[in-house]
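These are the residues of each chain, in order.
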Amino acid sequence: MNPDHQYAFASDNTAGICPEAWAALQAANSGFLPSYGSDAITQRACEAFRNFFQTPCEVFFVFNGTAANALALASLCQSYHSVICADSAHVETDECGAPEFFSNGSKLILARAEHGRMLPSELRRLSTQRRDLHFPPPRVVSLSQSTELGTVYHPQALVEICDQAHELGMKVHMDGARFFNALAALNVEPAEMTWRAGVDVLCCGGTKLGMAVTEAVVFFDPQLAREFEYRCKQAGQLCSKMRFISAQWLSLLEDGSWRRHATHGNAMAKLLASGLASLPGVSLSQTVEANAVFVQWPEGLKQGLLSRGWRFYDFIGGASRMMCSWATPEAAVHGLLADARELLALSPA
Ligand SMILES: *Cc1c(COP(=O)(O)O)cnc(C)c1O
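Bear in mind that the values here come from a model prediction, so they are computed numbers and not experimental data.

Visitor: Go over the overall build of the protein with me, naming the residues and quoting the values.
Guide: Tallying secondary structure elements over the protein gives 13 helices and 13 strands in all. Taken over C-alpha atoms, the radius of gyration comes to 21 Å for the protein, in line with the 20 Å a tight globule of 349 residues would show. By principal-axis analysis of the C-alpha atoms, the protein measures approximately 60 × 60 × 30 Å. Burial status across the protein gives 55% buried among its 349 residues. Of all intrachain contacts in the protein linking residues separated by at least 6 positions in sequence, the fraction that spans at least 24 positions is 75%.

Visitor: Talk me through helix H10 (residues 243-254); I want residue IDs and the actual numbers.
Guide: Counted at 1.5 Å a residue, the expected span for H10 with its twelve residues is 16 Å, and the 16 Å between its end C-alpha atoms agrees. Of all twelve residues in H10, eleven are buried; the element is thus mostly enclosed. The complete set of buried residues in H10 reads Arg-243, Phe-244, Ile-245, Ser-246, Ala-247, Gln-248, Trp-249, Leu-250, Ser-251, Leu-252 and Leu-253. Gly-256 sits one or two positions beyond H10 and adopts a positive phi of about 75°.

Visitor: Help me get a handle on the site of the ligand, residues and values and all.
Guide: As a structural note, the neighbourhood of the ligand is formed by Asn-64, Gly-65, Thr-66, Asn-69, His-90, Glu-95, Glu-148, Asp-175, Ala-177, Arg-178 and Lys-208. Taking Arg-178, its side chain carries an N or O atom lying 3.1 Å from an oxygen atom of the ligand. Protein contacts shield 82% of the accessible area of the ligand, which totals 390 Å² for the unbound molecule. Element by element, the count of residues in the shell around the ligand is highest for helix H3 (residues 65-76), at three residues. Taken together, the residues of the shell around the ligand sort by class into one nonpolar, five polar and five charged.

Visitor: Please provide a residue-by-residue account of the pattern of salt bridges, values included.
Guide: Inspection of every chain in the model, using the stated rule, returns twelve salt bridges. Between Glu-47 and Arg-50 there is a salt bridge whose closest N-O contact spans 3.2 Å. Taken as a pair, Glu-47 and Arg-50 lie in helix H2 (residues 40-53) at a separation of three residues, close to a single helical turn. Exposure remark for Glu-47: the relative accessible area of 39% places this residue in the partly exposed category. According to the relative accessible area criterion, Arg-50 is partly exposed, its value standing at 21%. The residue Arg-308 makes a salt bridge to Asp-339 at a minimum N-O spacing of 3.2 Å.

Visitor: Give me the lowdown on the sheet that holds strand S12 (residues 313-314), citing residues and values where you can.
Guide: Here four strands make up an open sheet; going across it, the order is S10-S11-S13-S12 and the pairing antiparallel. Every interior strand has two partners, whereas the edge strands, strand S10 (283-284) and S12, have only one. Where strand S11 (residues 292-296) and strand S13 (residues 320-323) come together, four bridges link them in antiparallel fashion. Bridge pairing links Phe-294 to Arg-321 in S13. Relative to S11, helix H11 (residues 257-277) is tilted by about 15°, and along the sheet it contacts S10, S11 and S13.

Visitor: Please give an account of the domain arrangement of the protein that cites residues and values.
Guide: Partitioning the protein into domains gives domain 1 (3-15 + 258-346) and domain 2 (19-255). Distance from the C-alpha centre of domain 1 to the C-alpha centre of domain 2: 28 Å. With 22 residues of domain 1 at the contact, the number on the domain 2 side is 24 residues. Contact with domain 2 buries surface across domain 1, with Trp-258, Gln-286 and Glu-289 losing the most and accounting together for 34% of the total. Where domain 1 meets domain 2, there are three salt bridges. Here Glu-20 and Arg-260 are joined by a salt bridge, their closest N and O atoms 2.6 Å apart.

Visitor: Tell me about unusual backbone geometry, and name the residues and values.
Guide: A cis amide bond, omega -5°, links Gln-145 with the succeeding residue Ser-146. For Gln-54, which is not a glycine, the phi torsion comes out positive at approximately 55°. Assignment of secondary structure puts Gln-54 in the loop between H2 and strand S1 (58-62). Gln-54 gets classed as partly exposed once you look at its relative accessible area, which sits at 48%. The backbone of Ala-345 sits at a positive phi, close to 55°, despite the residue not being glycine.

Visitor: Pulling in residues and values, what's your account of the pairing of strand S8 (residues 201-205)?
Guide: Within S8, five of the five residues are buried, which leaves the element mostly enclosed by the surrounding structure. Neither face of S8 is left uncovered, since the one carrying Val-201, Cys-203 and Gly-205 and the one carrying Leu-202 and Cys-204 both have all their residues buried. Note that strand S7 (residues 171-176) and S8 share four bridges and pair parallel. Note that in S8 the partner of Met-174 across the bridge is Leu-202.

So, how was this worked out
Along every chain, residues carry numbers that run from 1 in the direction the sequence is written. Given that the model is predicted, a residue must reach a pLDDT of at least 70 before its local features are reported, and side-chain atom pairs must reach 80 or more before they are shown or counted; all residues, however, enter totals for whole chains, interfaces and linings. Hydrogens and water molecules were not included; the side-chain quantities draw on all heavy atoms of the structure. By definition, any uninterrupted DSSP run of H or I lasting at least four residues is a helix, any uninterrupted run of E lasting at least two residues is a strand, and each is numbered from the N terminus. Our radius of gyration looks at C-alpha atoms and nothing else; its globule reference is 2.2 Å times the residue count to the power 0.38. Between buried and exposed lies partly exposed: a residue is buried under 20% and exposed over 50% of the maximum accessible area for its type, with that area taken using a 1.4 Å probe on protein chains only. Any two residues having at least one pair of non-hydrogen atoms within 4.5 Å are treated as being in contact. For a helix, the expected span equals 1.5 Å multiplied by the number of residues minus one. Throughout, near means a residue has at least one heavy atom within 4 Å of the molecule or strand. In protein, a polar contact requires one atom able to donate a hydrogen and another able to accept it; more generally it is a pair of N or O atoms within 3.5 Å, and residues adjacent in sequence count only if both atoms are side-chain atoms. We get accessible surface area from the Shrake-Rupley algorithm with a probe of 1.4 Å; when it comes to residues, only the shown protein chains can shield them. Note on residue classes: Ala, Val, Leu, Ile, Met, Phe, Trp, Tyr, Cys and Pro are nonpolar, Asp, Glu, Lys and Arg are charged, and everything else, Gly too, is polar. For this analysis, a salt bridge means a side-chain nitrogen from Lys or Arg found within 4 Å of a carboxyl oxygen belonging to Asp or Glu. Only when DSSP finds a minimum of two bridges between them are two strands counted as paired. To get an axis, a line is fitted to the C-alpha atoms, and for a helix only the part in contact is used. The angle between two axes follows their N-to-C directions and goes from 0 to 180 degrees. All the domain ranges listed were derived from an automatic or database domain assignment. By buried area we mean how much accessible surface two parts lose on assembly, using a 1.4 Å probe and totalling the loss over both.

Here it is, written out as structure tokens:
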């Protein structure tokens, strides 16, 4: 087994920068252009988003997903409001309180979820359980697409949640750190999975797709974007050499390579999952709908793989999470499966 292939599964952000993003960085690296997003490349990238979503959305580029989520949520809330999210949501479990910090105290309220997907019945329950002055009223629903458990919301499910949210006076935020994996998996129009379903603000993930340090915050209601640039600047999230961020977006959206990369990550996850599921004593704890595989296996097998240099870790619910990305070589999938068969004393597949 080539050791270069051994470390691919801990996360989709252990991968490097994809060739299209790298080429875009290189191509943007000549001459002098206005800074802070006043350049022509950035204007074209914003236009590319409007074509992609087929609507006049407002787009802002930041460095990472935590900032994108926290600033987007802060823009939808007063400090005395609250945000409903799944109990497994990244905004709750992995952002060190950034949403609460940037919103000056908006509380996150945890909804029950099944396989990472928020149960629609939770919206009414959580937004009507308390109506008194002593509890912060919910104003936002935050959904992750794809979810932290590698599942996706189908457009009809999004419509159901968004309709309820709006009826109850709430806006809908989508954490799309893995938006493109969901989009490729569902094979629907970008509009259908966002504003047509009722999503108000999308945090659109570039980094896990294969770019260097960028996420886009997309407001489908331009009114909601008012003064958002000040939030970005104050939070230290306004890139001065913006062309290097926007050039990557322009390239991947216009040449369609976003779809190839997301599709590849999803396909590698499916391949890995079907190989693992065929091993005795191994089971998948989630259906594989995007680029994540959650696996439960004998402790000896898990430790054996770790000691052979494979990298992955235990995640929500105690299962091991294996992530695939644009860069996951098929040889790594086969290599891990071959090692697993050897550790289980099975003949090669
Ligand atoms: C990775 C990820 C993010 C963004 O995390 P950063 O490390 O701050 O870029 C946000 N949401 C989800 C669901 C993620 O998996």
